[in-house]
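# Observations on the model geometry
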Amino acid sequence: MDIRALVTSADAWKAQIEKIKIKFDSSIEEIRLPGIYPTDVPIIYVKGNALTELLMFLKTDQILDYQFLSDLTATDEEVQPRFEVVYNLFSHSTKLRIRVKCRVSEGQEVRTATAIWPGANWAEREVWDMFGIRFAGHPSLRRLLMDERWEGHPLRKDYPLRGYQFFQTSQEVDTKNLE
Amino acid sequence: MSPERMGIPNTANIHIEPATVNDPDDLWGDSRVIVNIGPTHPAMHGALRMVAQLNGETIEKSYCEMGYTHRAKEKLGENRTYHQFVVYTDRLNYCSSLLNNVAYSLSVEKLMGLEVPARAAWIRMICAEMARIIDHLICVGINAVDLGAFSYFLYGFHQREEAYTLIEKLCGARLTTSFTRIGGLMYDAPDGWEKEVKAWTVETRRVLDEMDELLTGNKIWCMRTKGIAVWDKKQCVEWSVSGPVARAAGVPIDLRKTDPVMFYKDVEFDVPVAQNGDVYDRYLVRMEEIRQSLNIISQCCDKMKKGPIWVDDKRVRIPEKEVVQNTMEGLIHHFKFFMTGFDVPAGEAYTSFEAANGELGFYIVSKGTPRAHRMRIRGPSVWHYQTLTPMVQGYKIADMVGALGSINVIAGELDR
Amino acid sequence: MAKDGAAGFLTTRLEAVVDWGRKNSLWPLPYGTSCCGIEMMATLCSDYDLARFGAEAVRFSPRQADMIIVAGIINAKMAPVLKTIYDQVSDPKWVVSMGACASSGGIFNVYSVTQGIDTIIPVDVYVPGCPPSPEGLINAVMRLQDMIAKGATRAQMRERGSIEQQSQLA
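Predicted model only: the values in this text are computed from it and were never measured.

### Concerning the overall build of chain C
The number of helices and strands found in chain C is six helices and four strands. Starting at the N terminus and ending at the C terminus, chain C contains elements arranged as α-β-α-β-α-β-α-β-α-α. Its C-alpha atoms put chain C at 70 × 40 × 25 Å along the principal axes. Looking at chain C as a whole, 48% of its 170 residues are labelled buried. Taking the contacts inside chain C whose residues are at least 6 apart along the sequence as the reference set, 78% of them involve residues at least 24 apart.

### Concerning the overall build of chain A
Across its full length, chain A holds three helices and seven strands. Expressed as a percentage of the 179 residues in chain A, the buried residues total 41%. Here the contacts in chain A between residues at least 6 apart in sequence split such that 49% fall between residues at least 24 apart.

### Quick word on the interface of chain A and chain C
On the chain C side, the residues contacting the 13 residues of chain A number seven residues. Residues of the side of chain A that touches chain C, tallied by class, amount to five nonpolar, six polar and two charged.

### Things to note about the nonpolar core
The biggest cluster of nonpolar side chains holds 219 residues, and the ones touching the most others in it are A403 of chain B together with I68, V70, L82, V96 and M98 of chain C. When residues of this core are assigned to their parent elements, the largest contribution, 18 residues, is made by helix 4 (residues 118-146) of chain B. Residues within four places of A403 of chain B in sequence aside, it is in contact with I228, A229, V279, L388, M391 and V392 of chain B.

### Comments concerning helix 13 (residues 328-340) of chain B
Residue and element names in this part refer to chain B. With 13 residues, helix 13 should cover 18 Å at 1.5 Å per step; its first-to-last C-alpha distance of 18 Å lies within 8% of that length. Sparse coverage of helix 13 is indicated by the burial of zero of its 13 residues. Residue G341 follows helix 13 closely and has a positive phi angle near 80°.

### Considerations on the interface of chain B and chain A
With 52 residues of chain B at the contact, the number on the chain A side is 40 residues. Ranked by residue count, the leading element in the side of chain B that touches chain A is strand 6 (residues 347-354) of chain B, at five residues. Its residues placed into classes, the side of chain B that touches chain A shows 22 nonpolar, 18 polar and 12 charged.

### Quick word on the environment of R32 of chain A
Residue and element names in this part refer to chain A. For R32, the location among the structural elements is in strand 1 (residues 28-32). Sequence-wise, R32 and R99 are 67 residues apart; in three dimensions their C-alpha atoms are separated by 9.8 Å. The residues touching R32, leaving out its near neighbours within four places in the chain, are Y37, T39, P42 and I43.

### Topic: the sheet that holds strand 3 (residues 58-65) of chain B
Residues and elements named next belong to chain B. Taken in spatial order, the three strands line up as 1-2-3 in an open sheet, and their pairing is antiparallel. Strand pairing shows two members of the sheet lacking a second neighbour, strand 1 (33-37) and strand 3, which therefore form its edges. Strand-to-strand twist of the sheet, defined as the mean angle between neighbouring strand axes without regard to direction, takes the value 20°. Strand direction decides the pairing type here: strand 2 (residues 49-55) and strand 3, joined by seven bridges, are antiparallel. Looking at strand 3, one finds that A52 is bridged to S62.

### Re the confidence of the model for chain C
For any part of a model where pLDDT is low, the fine detail of the predicted coordinates should not be relied upon. Confidence along chain C averages 84 in pLDDT terms, with 93% of residues attaining 70 or more. For this predicted complex, the interface score ipTM comes out at 0.91, while the overall pTM is 0.88.

### Describing helix 16 (residues 397-407) of chain B
In an α-helix, one full turn covers 3.6 residues, which means residues spaced three or four apart are oriented alike. All names here are of chain B. A large share of helix 16 lies buried, amounting to nine of its 11 residues. Where helix 16 is concerned, the buried positions are D399, M400, V401, G402, A403, L404, G405, S406 and I407. With its phi angle positive at about 50°, N408 sits one or two positions after the end of helix 16.

### Details of the sheet that holds strand 7 (residues 359-366) of chain B
Residues and elements named next belong to chain B. Taken in spatial order, the three strands make up an open sheet running 6-7-8, and their pairing is antiparallel. Edge positions in the sheet fall to strand 6 and strand 8 (374-378), since each of these pairs with one other strand and no more. Within this sheet the neighbouring strands show an average axis-to-axis angle of 10°, counted without direction. When strand 6 meets strand 7, the two strands line up antiparallel, connected through eight bridges.

### Here's the deal with the environment of G35 of chain A
Inspection of the secondary structure puts G35 of chain A in the loop between strand 1 and strand 2 (43-46). Distance in space between the C-alpha atoms of G35 of chain A and L6 of chain A is 8.8 Å, their sequence separation being 29 residues.

### Here's the deal with the pairing of strand 2 of chain B
All names here are of chain B. The pairing of strand 1 with strand 2 spans five bridges and is classified as antiparallel. Across the sheet, N36 pairs through a bridge with V51, a residue of strand 2. Hairpin geometry of strand 2 and strand 3 is characterised by an intervening segment of two residues between the two adjacent antiparallel strands and by a positive phi of about 70° at G56.

### What about the pairing of strand 3 (residues 94-98) of chain C?
Consecutive residues of a regular strand have side chains that alternate between opposite faces of the sheet. All names here are of chain C. Of all five residues making up strand 3, five are buried, and the element is well covered by its neighbours. Two elements, strand 2 (residues 67-71) and strand 3, share five bridges in a ladder whose sense is parallel. Paired with I68 across the strands is V95, a residue of strand 3. In this fold, the crossover linking strand 2 to strand 3 by way of helix 3 (residues 79-88) has right-handed handedness. In this fold, strand 3 hands off to helix 4 (residues 99-104), which returns the chain to strand 4 (residues 125-127); that crossover is right-handed.

### Observations concerning unusual backbone geometry
Cis peptide bonds are those with omega within 30 degrees of zero, and the linkage from Q80 of chain A to P81 of chain A qualifies with -10°. Tracing the sequence through the fold places P81 of chain A in the loop between strand 3 (68-76) and strand 4 (83-90). P131 of chain C follows C130 of chain C through a cis peptide bond whose omega is -10°. You can see P131 of chain C is positioned in the loop between strand 4 and helix 5 (134-150). Of note, A72 of chain B is a non-glycine position whose phi angle comes to about 60°, a positive value. Within the fold, A72 of chain B resides in the loop between strand 3 and helix 1 (73-79). Classification of A72 of chain B by C-beta neighbours within 10 Å gives buried; the count is 26. Not every positive phi belongs to a glycine, and A229 of chain B is a case in point at roughly 50°. Along the chain, A229 of chain B turns up in the loop between helix 7 (219-225) and helix 8 (233-238). By C-beta crowding, A229 of chain B is classed as buried, having 24 other C-beta atoms within 10 Å.

### Things to note about the packing of helix 3 (residues 97-112) of chain B against helix 4 of chain B
All names here are of chain B. In the contact formed by helix 3 and helix 4, the axes pass within 7 Å of each other and the chain directions differ by 140°. Here helix 3 is positioned oblique relative to helix 4, judged by the angle of their axes. You can see that helix 3 and helix 4 cross each other, and the crossing is left-handed. The segment helix 3 lies against helix 4, with S97, L98, L99 and V102 engaging R124, C127, A128, M130, A131 and R132. Per-class residue counts for the contact of helix 3 with helix 4 are seven nonpolar, one polar and two charged.

Rules behind the numbers
- Residues numbered from 1 in each chain as written.
- Chains lettered and ligands numbered in written order.
- Predicted model: local features only at pLDDT ≥ 70, side-chain atom pairs only at ≥ 80, totals over all residues.
- Helix = DSSP H or I, 4+ residues; strand = E, 2+ residues; numbered from the N terminus.
- Buried ≥ 20, exposed ≤ 12 C-beta atoms within 10 Å, placed from the backbone.
- Contact = placed C-beta atoms within 7 Å.
- Nonpolar A, V, L, I, M, F, W, Y, C, P; charged D, E, K, R; others polar.
- Core = buried A, V, L, I, M, F, W, Y, C linked by C-beta atoms within 7 Å.
- Expected span 1.5 Å × (residues − 1).
- Pairing = 2+ DSSP bridges.
- Axes fitted to C-alpha atoms, helices over the stretch in contact; angles between N-to-C directions.
- pLDDT = per-residue confidence, 0-100.
- Right-handed = clockwise from strand over helix to strand, strands pointing away.
- Parallel < 35°, antiparallel > 145°, perpendicular 65-115°, else oblique.
- Left-handed = near helix turned anticlockwise from the far one by under 90°.

Below is the structure:
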């Protein structure tokens, strides 16, 4: 028994997926539907060059209306391409959720979503901090959780669980960051 | 205290930009001051830090910093079995740890396709609502303390101690409960527990009325909070703000209503929504939510019946003591169960639950092993805390304290 | 006072009188960072009331306090801040390490967490628990008072020169 025992069909999303397919057919790599693949909501794998367009479309379209960015994170898959940037979206009007993923290899940049959701700012900083994925066009991409002087990106799979780094002084005030 | 001297040994290289526009409020020409508040400032709950550029007392520019209590819970999620990780969820939002336990268990159960028996779900609902009340009592209390109303805080705090006594009866701990298990609960509730809970709800309702009289109409409180740190409906959606803060601005979303889990469909409660989105409205929304939670608890106490608390699934069920101590197979099963954990089938799910502060989400990716491949915790505090900088821009620095208290940033959930 | 009511006198060492005064007027600096901070608040509030033990004058400024209660986790980013605060407290100063995180790192044996604040600053009393109950913290304060009366705390030993003036931050 797995998640498919609870989620049986993808009917709720059927019309939406068709609509997205028509518009972004060439840039969608793969669509994984609940019921077939063990997931709770449909996952859309999109190519990096069409990522922001797809997110913008999902947000602004009257019927889809995924205007709420529930979560922005990444996973380290340990295969090529190495990372997946994950966007969990939520619609306040239809109460549906959807997941958009974008595969990135190491060193490759993803386009920022801060122009679509200003709230994506810190989540992208956290992804940079924890995974070392850079976001092109981000207003101020610096570390969020770790110290500025920290070496390495802790949530990568090859980063050890232990490995304390020691600092003599606390992180200094940087007036460049004032906004 | 001069907070700029705390924790910053070297401030000599700070360069302050001279004023470029002619501001009528600018009393001292270009003599702007950079103030560092935190990470150990009493008004910055827990360990938060803000650097603000002040003109007189007005905040012109600022930036916030976090990570001072980072405990690598997401990394630990990849290195601990699913049962072991229950303990770490306590330390997320430590004001309402029961709620985190419930949300986490729900998310793993969703991945495994399990549903807990009715009694367990009712007890979980009581736990979740009790945790929500405790969290809100702390939030409004501390918010009032920060703005100078100390005795108000003690009323709520006493009621909270009473709730902790009930929680202690349930699981033996006050703060870090670790009460739920995947597919069930640690213990069944003791006999007569629901009666005590019900008596507590009656008493809490009385205390709430007292608290209302003390503060809600208080002139100083109103002047300090009305129209302060306004964050409107559109901004709430754009900045992923959820929970009471969003509802205070008129976003009518409560995940208990939109995505009801357990028995939230079967109980009656209202979702309070305000319009102005200022500190005062957040306070009102929280106070009303406490009353609604009390409603839910008393309904749960009435509807709860005796029954099993564990799902009938060998994979997740902790073996009975009787079997473990008397049979060889039981002992081996027990040993394997706790040493290697159980396999969660491959798949991924984002499960969200209406926590006290907003949407608490667990995005778990499983590859079919006893440890998660990715354990992402979406705490509402992160998304709320990043709005503080634009929220307080142009307000006085004393208003920043009220604003921070009203969005209720909890360091454990913020830094994870 | 003598039995007949005449004013008597008492002989003691100056040190003992000073220590008696010190132990009954501890001014804590609550350094609460996480879960333990909530239990520390409960201890200071009306139900448990730390004031009964002469430690109610909570001061958030290190210059005015003499007992630091480190309640909660100290990580790599926070460690230098704690060290600075400790240095700012004037002697004699006492440190209570409250909870497993502060005492040893607790269940968080990970890259970011300092494995015990005694790697940064000297500690007098450790309180076990995750988090300790308010009774635990009250017990720690009483234990610290006993230590002060005996002159057994690290600050007093430093004062007498029986341990070296030390800066443990390497």
